[in-house]
Amino acid sequence: VEEEVKKVGGWLSFVFMILMIYTAYQMSENPDGICASLCRLVITVIGCILKILLIPFKYIIGGGRPSGGHYMATPDYRDPYGSRQMELT
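By convention here, each chain's residues receive numbers from 1 onward along its written sequence. A pLDDT threshold of at least 70 governs which residues receive local features in this predicted model, and a stricter bar of 80 or more applies before side-chain atom pairs are shown or counted, although totals over entire chains, interfaces and linings include all residues. Calculated side-chain values reflect all of the structure's heavy atoms, with hydrogen atoms and water omitted.

1. Regarding the environment of Met-27
Moving on, step 1. Numbering goes from the N terminus for both helices and strands, where a helix is a DSSP run of H or I of at least four residues and a strand is a run of E of at least two. For Met-27, the position within the fold is in helix 1 (residues 2–29).
Moving on, step 2. Counting along the chain gives 13 residues from Met-27 to Arg-40, while the straight-line C-alpha distance between them is 9.9 Å.
Moving on, step 3. Residues in contact with Met-27, not counting those within four places in the same chain, are Ala-36 and Cys-39. Contact between two residues is taken to exist if any of their heavy atoms lie within 4.5 Å; hydrogens are not considered.

2. Considering the confidence of the model for the chain
Moving on, step 1. Per residue, pLDDT measures the predictor's confidence, with a range of 0 to 100. Averaged over every residue, the pLDDT of the chain is 80; the share at 70 or more is 70%.
Moving on, step 2. Within the chain, helix 3 (residues 55–62) has the poorest average pLDDT of any element, 84, and helix 1 the best, 92.

3. Remarks on the state of the cysteines
Moving on, step 1. Cysteine sulfurs are considered disulfide-paired once they come within 2.5 Å of each other. Under the defined criterion, the tally for this structure stands at zero disulfides.
Moving on, step 2. Cys-35 forms no disulfide, and the closest cysteine sulfur to it belongs to Cys-39, at a distance of 4.5 Å.

So, in structure tokens, the structure goes:
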């Protein structure tokens, strides 16, 4: 039984590797195609489900809402420390 499991697991690993390579190829060659759109949709849905599942842990560990509600990747351009007019001394 263990030999069959190893054999099936090996074949599934091989097939999944081929499918991942095909997906990467399709995303690079046709970024606006159906395959790329479905990949983006699946990633978005999985991210949404994970966020919903992790809400209780967020309130336990993080204490509720984040302060300010700003992401690190989007700087606030009204912040004087983030402006481009910095004085060099």
